[in-house]
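Chain by chain, the residues run as shown.
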Amino acid sequence: MDIDEKRNIFEIQVELNFKLDLVKIFGNRNPVHLEIGCGRGEFIVQKASGNPETNFLGIEIKEKRIKTILRKLDIKVHRNVRLLQLNVDEKIIEFFPEESFRMIYIIHPDPWPKKKHHKNRLIQNTFIDALYKILQPDGILKIATDHEEYGKRIIYKFNNRKDFISKYNEGFTKNPDKDHIETHFEKKKREEGFEPFFMNYRKI
Ligand SMILES: C[S@@+](CC[C@H](N)C(=O)[O-])C[C@H]1O[C@@H](n2cnc3c(N)ncnc32)[C@H](O)[C@@H]1O
């Protein structure tokens, strides 16, 4: 199957002022997990293969990376995957009805290490407000970063919110879950000597 055929099957589009109908898109009412910034797709592709009763929507800003993921998808295995090319920010709530997702994953968001670039970071309070709205009650938001300073800022932000509760007393763990999937970025950073912080927040 060539890339354009795969595009027709797996890729969805958004329109302004038009909320996506996830039941129609996936053709069932199974829970939907969202991954934001899915990169080369190691996580979404493996997760979807192992969890056929869950739907997975991956959003990625870069077309080249969407194409890389498309190449890894197999129509016989990954009927539960859809991809969306989008520059995500707090306006994500314009595209999805409230309480759409059972889980949201943000795995190694771009760290923007220089202070003057911190404003470009994805995880800001307004963005967390938006994620709160599109998560289902008791829905889980999982974040991983190898960048210590960004990690600490994320933990600080969530410590000051009453709408999410952390699974971990310290706000993070360095021990990955049993079903952990190592992404391209995590592998690279571990080889450079960095260890990720894993965060897990439940909507309350
Ligand atoms: C550091 S990489 C991590 C990729 C992957 N999650 C991994 O762990 O290998 C960050 C990814 O997020 C994507 N990204 C950054 N900002 C984004 C945005 N605003 N909306 C969607 N994707 C974004 C980048 O293109 C890149 O693929």
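In this text the structure is predicted, and so the values were computed from the model without any measurement. (Residues numbered from 1 in each chain as written. Predicted model: local features only at pLDDT ≥ 70, side-chain atom pairs only at ≥ 80, totals over all residues.)

**Topic: the nonpolar core**
And step 1. Ranked by size, the top nonpolar core spans 43 residues in total, and within it I44, I69, I104 and L141 carry the most contacts.
And step 2. Ignoring any residue separated from it by four or fewer positions in sequence, one finds L141 in contact with I104, L131, L135, F164 and Y201. (Core = buried A, V, L, I, M, F, W, Y, C linked by C-beta atoms within 7 Å. Buried ≥ 20, exposed ≤ 12 C-beta atoms within 10 Å, placed from the backbone. Contact = placed C-beta atoms within 7 Å.)

**Quick notes on the site of the ligand**
And step 1. Around the ligand, the structure places 20 residues, and the nearest of them are G37, G39, V88, T183 and F185.
And step 2. The set of elements that each furnish at least two residues to the shell around the ligand consists of strand 3 (55-60) and helix 7 (184-191).
And step 3. Per element, the largest residue contribution to the shell around the ligand is three residues, and it comes from helix 7.
And step 4. By residue class, the composition of the shell around the ligand is nine nonpolar, six polar and five charged. (Near = placed C-beta within 6 Å. Helix = DSSP H or I, 4+ residues; strand = E, 2+ residues; numbered from the N terminus. Nonpolar A, V, L, I, M, F, W, Y, C, P; charged D, E, K, R; others polar.)

**Examining the sheet that holds strand 6 (residues 135-145)**
And step 1. Reading across from one edge, 1-4-3-2-5-6-8-7 is the order of the eight strands in this open sheet, with mixed pairing throughout. Unpaired on one side and paired on the other, strand 1 (11-12) and strand 7 (164-166) mark the two borders of the sheet.
And step 2. Pairing geometry for strand 2 (residues 32-36) and strand 3, over five bridges, is parallel. Note on strand 3: the bridge partner recorded for E35 is G58.
And step 3. The sheet strands contacting helix 5 (residues 125-134) are strand 5 (101-107), strand 6 and strand 8 (197-203), and the helix crosses strand 6 at an angle near 135°. (Pairing = 2+ DSSP bridges. Axes fitted to C-alpha atoms, helices over the stretch in contact; angles between N-to-C directions.)

**Observations concerning the pairing of strand 3**
Each regular strand displays side chains that alternate between the two surfaces of the sheet.
And step 1. For strand 3, the buried fraction is high: six of the six residues fall into the buried class.
And step 2. Neither face of strand 3 is open: one carries N55, L57 and I59, the other F56, G58 and E60, and all of them are buried.
And step 3. For the segment spanning strand 2, helix 3 (residues 42-50) and strand 3, crossover handedness is right-handed.
And step 4. Pairing geometry for strand 3 and strand 4 (residues 81-85), over five bridges, is parallel. (Right-handed = clockwise from strand over helix to strand, strands pointing away.)

So far we have only geometry, and geometry alone does not tell us how the molecule works.
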